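The lines below spell out each chain.
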Amino acid sequence: MDFLPIFVATKDRKVVVVGDGQMADAKCRGVLKTAASVTVYTDSPSDEALAWAEQGRIALRCGLPIASDFEFVTLFYAAHESDAVNDELALLARDAGAIVNVLDRTDACDFITPAIVDRDPVVVAIGTEGSAPVLARQIKADVEAMLPADLGRLARLANSFRAKVRALPEGLARRNFWKDFFSPTRLSSGTSDKTLRLDLETLLARHMGAEHEMGSVAFVGAGPGDPDLLTLKARRLLHEAEVVIHDRLVSRGVLELARREAKFIDVGKKGFGEQVTQAVINEHLVRESQAGSKVVRLKGGDPSVFGRLDEELSALADAGIACSVVPGITSAAAGAASLKQSLTRRDRNSSITLMTAHDAKGYAEHDWRQLVRSGQALAIYMGRKSASFLQARLLMAGADNDLVITCVENISRPEERRFTSTLTQFAQRLDDDNWNGPLIIFVGIGKEQVSHAANATSLKELSHVSY
Ligand code: SAH
């Protein structure tokens with residue numbers, strides 16, 4: 001983002017517009033929605049501009065402003081047809097402390113004007129930083145259709161009731177009250193002011209009588225990164241969450257779906273060494289939910305796969321806190337999708353093992369011989385640092401040098417990359433090209449198998465292990 005979206009106070013402040021024609025009028029039209037004091041410099045005012053002047057809504061001037069005309073000016077719109085004039089005036093305006101918008105030249109602007117959906121006092125601003133105005137208009141049309149025409153009336157009425165709601169304890173109790181009031185049905189019905197006031201009174205009485213609510217924790221699978229891979233339930237819970245406790249591997253795009261006012265606690269753990277201990281994570285979970293908050297514990301992929309879910313569930317059960325678990329797409333499944341491969345395939349592998357190559361104590365030992373002999377495919381999590389260990393163990397257990405290995409890094413993210421190699425070569429390749437992002441190592445799954453589908457039937461055969 002190069003421009004920070006903010007709403008600027010313009011009531012009784014000076015705004016100057018320079019320029020003729022439609023674009024200058026359009027700038028004025030936007031500013032005139034507020035109670036700014038607007039002066040327009042134009043040599044050929046449009047009928048609309050003349051009418052505004054007649055109604056006393058703008059002051060019309062001929063020619064161009066001079067330095068003293070910019071004194072105490074808050075915003076300046078340079079919409080003159082000449083770039084040179086705009087640049088010169090922009091300098092004068094900035095010298096006087098104004099911020100400047102230059103018509104059609106985002107790079108010369110201190111601020112840009114978004115497309116807006118106006119349900120005063122509810123205003124939705126849509127910006128593309130000048131990159132796609134048509135897209136902004138399309139989004140505007142969608143939002144227009146979504147928001148009821150008299151939303152502003154509802155917001156004003158709610159505002160007039162705000163003082164009474166202070167009778168409720170600050171924080172969650174008040175938020176719950178407003179959430180109940182702004183329910184989807186109320187937003188879409190054209191109820192009269194009188195009925196709405198009555199509704200507010202009744203609702204407040206009900207909330208005043210409500211017991212202190214206990215919070216809850218939802219363990220939510222955040223998937224491998226792409227927010228489109230979230231379940232609808234995950235999206236809804238994220239949107240409602242008051243506290244979001246998340247791991248390092250949860251992508252920014254997913255976190256963005258939570259409300260901005262939510263409290264975010266990053267308990268990211270990295271590779272071998274732990275940054276935040278499990279005990280501290282448990283403490284966060286218990287403390288926040290006991291305070292009455294709706295907590296979402298976001299875990300990368302699926303919460304039940306290498307997510308230490310049980311430890312957190314049991315800490316909450318001990319504290320008597322309600323929990324739910326919402327599954328997510330685990331990295332191995334997303335990786336297979338990205339490879340356009342099945343995790344299991346008839347006549348190739350009838351089972352797949354999700355395994356890790358290291359655990360809390362270090363490298364994780366398995367019955368390697370049995371794994372190789374069984375002919376199943378493997379999806380190895382957290383295997384980056386133990387790639388050489390894994391390679392050695394599989395070779396020692398009798399796997400073939402040419403056993404197919406596919407590594408997929410940053411699955412479903414823009415920086416995703418992958419390669420298919422062999423057991424003897426894959427570890428070196430990981431080192432050579434700095435594969436340091438989250439990674440799944442598939443053993444016995446790879447694109448070679450597509451081309452050799454007819455004869456490469458199982459890990460057992462691929463590795464040529466004799467039985
Ligand atoms: N619960 C997670 C796994 C957590 S363990 C899940 O179901 O996917 C962390 C490991 O998951 C990482 O070391 C990596 O092996 C894997 N992982 C998580 N996100 C990934 C991604 N976007 N791409 C590749 N691997 C990923």
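Residues numbered from 1 in each chain as written. Predicted model: local features only at pLDDT ≥ 70, side-chain atom pairs only at ≥ 80, totals over all residues. Heavy atoms only, no water.

- The protein is annotated in an unreviewed UniProt entry as Uroporphyrinogen-III C-methyltransferase of Candidatus Paraluminiphilus aquimaris.
- UniProt's Catalytic activity (unreviewed entry) comment on the protein is quoted here verbatim: "precorrin-2 + NAD(+) = sirohydrochlorin + NADH + 2 H(+)".
- The Sequence similarities (unreviewed entry) comment attached to the protein in UniProt states, word for word, "Belongs to the precorrin methyltransferase family." (UniProt positions renumbered as here; feature names shortened; annotations may be inferred.)

### What about the overall build of the protein?
- On a plain count of helices and strands, the protein comes out with 18 helices and 19 strands.
- Radius of gyration (C-alpha) of the protein: 31 Å, far over the 23 Å computed for a compact globule of 467 residues.
- Principal axes of the C-alpha set define a box for the protein whose edges measure 95 × 65 × 40 Å.
- Taking as baseline every contact in the protein between residues at least 6 positions apart, the subset at least 24 positions apart corresponds to 63%.
- For the protein, the accessible surface area stands at approximately 24,800 Å², while carbon and sulfur atoms represent 53% of it.
- Charge-centre separation for the protein: the mean point of 56 positive side chains lies 6 Å from the mean point of 61 negative side chains. (Helix = DSSP H or I, 4+ residues; strand = E, 2+ residues; numbered from the N terminus. Rg over C-alpha atoms; globule rule 2.2 N^0.38 Å. Contact = heavy atoms within 4.5 Å. Areas by Shrake-Rupley, 256 points an atom, 1.4 Å probe, with all protein chains shown as cover. Lys, Arg positive; Asp, Glu negative; His and termini not counted. Charge placed at Lys NZ, Arg CZ, Asp CG, Glu CD.)

### As for the site of the ligand
- Every one of the 18 residues lining the ligand counts as a neighbour, but D302, V305, T330, S331 and L439 are closest to it.
- One of the backbone nitrogen or oxygen atoms of L439 is found 2.6 Å away from an oxygen atom of the ligand.
- Within the complex, 91% of the 540 Å² of free accessible area of the ligand lies under protein.
- The class makeup of the residues in the shell around the ligand is 11 nonpolar, 5 polar and 2 charged.
- A domain-level breakdown of the shell around the ligand finds at least three residues from each of domain 3 (216-329) and domain 4 (332-462). (Near = heavy atom within 4 Å. Polar contact = N/O pair within 3.5 Å; in protein donor to acceptor, adjacent residues only side chain to side chain. Nonpolar A, V, L, I, M, F, W, Y, C, P; charged D, E, K, R; others polar. Domains from an automatic or database assignment.)

### Details of the environment of V85
- When you line up the elements, V85 lands in helix α3 (residues 83-95).
- Through-space distance from the C-alpha of V85 to that of V18 is 9.7 Å; in sequence the pair is 67 residues apart.
- Each residue touching V85, except ones within four places of it in the same chain, is listed here: L64 and H80.

### Re the nonpolar core
- Of all hydrophobic cores here, the largest spans 25 residues; its most connected members are L394, F426, L430 and I441.
- Sort the elements by how many residues they give to this core and helix α15 (residues 387-396) lands first, with 4 residues.
- Setting aside chain neighbours within four positions, we find F426 in contact with A387, L390, Q391, I405, C407, F419, S421 and I441. (Core = buried A, V, L, I, M, F, W, Y, C linked by side-chain atoms within 4.5 Å. Buried < 20%, exposed > 50% of the residue type's maximum accessible area, 1.4 Å probe, protein only.)

### Some words on the environment of D359
- Here D359 shows up in strand β14 (residues 358-359).
- Note: C-alpha distance between D359 and F306 (53 residues apart in sequence) is 9.4 Å.

### Looking at the packing of helix α5 (residues 151-165) against helix α6 (residues 172-181)
- Remark: α5 packs on α6, axes separated minimally by 12 Å, with the N-to-C direction vectors making an angle of 150°. As summarised for this structure, α5 and α6 are arranged roughly antiparallel, according to the angle between their axes. Two packed elements cross with a definite hand, and for α5 against α6 that hand is right-handed. The residues of α6 that touch α5, namely those facing L154, A158, F161, R162 and V165, are R174, F177, W178 and F181. (Axes fitted to C-alpha atoms, helices over the stretch in contact; angles between N-to-C directions. Parallel < 35°, antiparallel > 145°, perpendicular 65-115°, else oblique. Left-handed = near helix turned anticlockwise from the far one by under 90°.)

### Focus: the pattern of salt bridges
- Enumeration over the complete set of coordinates arrives at 26 salt bridges.
- Of the charged contacts, one joins D83 and R105 as a salt bridge, the two residues approaching to 3.5 Å between their closest N and O atoms. With D83 in helix α3 and R105 in the loop between β5 (99-102) and β6 (115-119), this pair connects stretches of sequence that are 22 residues apart.
- Residue D83 is classed as partly exposed on the basis of its relative accessible area, which comes to 42%.
- A salt bridge links D228 to R235; the nearest nitrogen and oxygen atoms lie 3.9 Å apart.
- Each of D247, R297, K299 and E312 takes part in a single network of salt bridges with overlapping partners. (Salt bridge = Lys/Arg side-chain N within 4 Å of Asp/Glu carboxyl O.)

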